[in-house]
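One-letter residues, chain by chain:
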Amino acid sequence: MKKIFIVLFSCIFLLTACSTAEESSTNKAQVMEADVVVIGGGGAGLTAAIEAHDAGAKVIVVEKMPFVGGNTVRSKGGLNAAETSVQKKLGINDSVEAFYKDTMEGGKNLNDPELVKYFTENSAEAVDWLISIGMDLGDVAAGAGATNPRMHRPTGGKDIGAVLIDTLSKNIKERKIETLVNTTVTEITGSTDQITGIKAVDNNTKQEIQIKADSVVVATGGFAANEKLYTKYREDLKGFITTNHTGATGDGIIMAEALGAGLVDMEQIQTNPTVEQSKAEVISESVRGLGAIFVNQSGNRFTNEMLTRDVLSAKILEQEGKYTYILFDQQLRDSMGAIEGLVKKNLVTEGNSIEELAAKISIDAASLQSTIDRWNTAVANKKDEDYGRETGMDNNLSKAPYYVIKVAPGVHHTMGGIKINTNAEVLKSDGTKINGLYAAGEAAGGVHGANRLGGNAVADIIIYGRQAGIKSSELALKNGSLLGEQSTSEEAEKVSGIKEGLVGNYKDGTYSATAKGNNGDLTVEIAVKDGFLQSIEVKDYSETGPIFSTVEEQLIPAIIYEQSTEQDAISGATNSSQALMEAVKLALEQAK
Ligand SMILES: Cc1cc2nc3c(=O)[nH]c(=O)nc-3n(C[C@H](O)[C@H](O)[C@H](O)COP(=O)(O)OP(=O)(O)OC[C@H]3O[C@@H](n4cnc5c(N)ncnc54)[C@H](O)[C@@H]3O)c2cc1C
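Please read all numbers here as calculations on a predicted model, not as lab measurements.

1. What about the side chain of T243?
Within the secondary structure, T243 sits in the loop between α9 (227-233) and α10 (251-259). Apart from the residues lying within four places of it in its own chain, the contact partners of T243 are R74, V275, A280, V282, V411 and H412.

See the structure below:
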């Protein structure tokens, strides 16, 4: 029998609050039980959940947003790993030692050496594990700060995030792992002697939920979307845009600290040097890895473009206007699928010749031509006399059309977080364990030191996500397993993301429609299955980036949950909200 029942838990803790029946009914908490609770449905959380389930544990994932994915779904360039089966197949020589050295050097040796050792020694196995659960990692690119090409990504250079979350989600569904979305964890219960579970609240109904568990995995991501928290540690970042999703507010770090966990490196916050500012879109460093260069408004290069993110951010902020252009050619566009998405989002300026491109961005054409000629000579000679660049020099820039994307730094990654050991166990400041508490991914600190290398975060969430799942289930299963008990229909509803009691009458298939947005056309593609609207993908839009991300993140799940386009517009983004609802409505009309 499934152990779900209703208790008046606030009455237990606060007897005076239960004086009338009316008051007590608002304080009812739904109580559930699991072996392992995972807080956060991003890459680290879903990975931990799969491993804990496969070890025999009953797992519940709790995600505060209306859907899983977190920052992971936004990740672009890839996942770093050394001595992998994929590198071997592609004839790439690399070593765990070089990976360790690069990670420590990139992190200015502030990294925890033990965590980095485990991280680099287990990366190849993480790649094989991902491939074994259906992930496409057929491509390997050069990344900034890496001695050898080791950034693994889907074939054809597609962005890694969406493919990764899709793969992990499919595995979660196949295993029927309970996932409560739109549910915010507010407290980790228990003490430093033994964790007893979590308390959460359903964001829609305000229903309180208590989940009892012997192990809790904190996988809530970082805090780069919480300006108040990051400026507490780094006042100089006030006013920077963020590349993160709105849920990256550091909740897990705050809750773990309240329980007695130690925190490390909280002031180590990374800006990404190449963020397109109007849409807060990160331009992956694999564009530079494939041969792109930086040019400033005078048409000159000013740095080795393959240096680490902290150095490049500082160099860009020294340029006129505090921005740079990333310049590349048609050959590079042809070799990197992700560029097409950037073109569709109108982030790329194109010129059929250097002269035409220079005119479009008001750069002196002769200066730009001379910079490109000098760079092409450096590529031919395999020697960059000006800035000493050594990687990303396999292709010159000679095939028209030519392209630029204008970028500047944005707050991107929080290296600090909860103190853990190589078992992903959470430690107090004195280094002793908190029994039953685990952390993985961006919520944990110590792997990246003072600066994270591109590709190391996605590697981190898989390597330590797996470890957190394995170790948390090991502990919980000492008390037997709850796996195999049935879900209630209410939970099934939360997993599917569709309100109970609705009738699905649409014709199955995919449909596309366009509506007028704030700045131009907005096109969506919807999928209908079993009569219900199951997914909405925005294919093309010209809306303002950070605001539109909020519209996408909040409105799409609401439309799907209620199977209705009659939703309240997102405050501050009325026109974009209405355009999205109109496009979905037009697409649904085709499905009638
Ligand atoms: C635009 C962008 C591009 C990137 N590209 C790369 C790349 O190419 N390679 C790379 O290595 N790294 C990249 N990174 C960094 C990397 O994506 C992240 O560090 C990593 O995905 C974090 O994973 P995570 O599982 O720890 O957290 P997330 O994926 O952020 O997941 C955490 C989840 O926890 C949920 N949550 C938070 N608080 C609560 C709560 N109280 N209750 C319930 N749920 C909660 C959040 O809503 C979220 O879904 C990129 C980051 C960004 C923003």
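2. Observations regarding the nonpolar core
One finds I211 and L437 to be the most contacted residues of the largest nonpolar core, which totals 86 residues. Take this core: its biggest share by element is 9 residues, from helix α17 (residues 456-476). Of the domains in this structure, domain 1 (5-34 + 55-66 + 178-215 + 481-494) and domain 2 (72-173 + 220-268 + 415-476) are the two that each give at least three residues to this core. Look past the residues within four positions of I211 in its chain and what remains in contact with it is M32, E33, A34, V37, I60, V62, L180, T196, G197 and I198.

3. Some points on α10
Every buried residue of α10 is listed here: G252, I253, M255, A256 and L259. Projected down its long axis, α10 carries its buried residues within an arc of 165°, all on one side. Those residues of α10 that are buried are in contact with β9 (183-190), β10 (195-202), β12 (215-218), β13 (263-264), β20 (417-419) and β22 (433-439). Positive backbone phi, at 115°, marks G260, one or two positions downstream of α10.

4. Topic: the sheet that holds strand β26 (residues 532-540)
Sheet architecture is open: 3 strands sit in the order β24-β25-β26, paired in antiparallel fashion. Each end of this open sheet is capped by a strand with a single partner; those strands are β24 (509-516) and β26. The average angle at which neighbouring strand axes cross in this sheet is 25°, direction not considered. The strands that helix α20 (residues 574-590) touches are β24, β25 (521-529) and β26; relative to β24, the one it contacts most, it runs at about 140°.

5. A short note on the packing of aromatic side chains
Under the defined criterion, the tally for this structure stands at 6 aromatic pairs. Here F223 and Y233 contribute two aromatic rings whose centre-to-centre distance is 6.4 Å and whose plane-to-plane angle is 55°, an arrangement assigned as tilted. Remark: Y233 occurs in helix α9 and F223 occurs in the loop between β12 and α9; sequence separation between them is 10 residues. Look at F328 and Y403: their rings are 5.4 Å apart centre to centre, the planes differ by 20°, and that puts the pair in the stacked class. Highlighted residues: F328 in strand β17 (residues 324-329) and Y403 in strand β19 (residues 402-414), separated in sequence by 75 residues.

Calculation notes
Residues numbered from 1 in each chain as written. Predicted model: local features only at pLDDT ≥ 70, side-chain atom pairs only at ≥ 80, totals over all residues. Heavy atoms only, no water. Helix = DSSP H or I, 4+ residues; strand = E, 2+ residues; numbered from the N terminus. Contact = heavy atoms within 4.5 Å. Core = buried A, V, L, I, M, F, W, Y, C linked by side-chain atoms within 4.5 Å. Buried < 20%, exposed > 50% of the residue type's maximum accessible area, 1.4 Å probe, protein only. Domains from an automatic or database assignment. Arc of directions from axis to C-beta. Pairing = 2+ DSSP bridges. Axes fitted to C-alpha atoms, helices over the stretch in contact; angles between N-to-C directions. Phe/Tyr/Trp six-rings, centres within 6.5 Å; stacked < 30°, edge-to-face > 60°.

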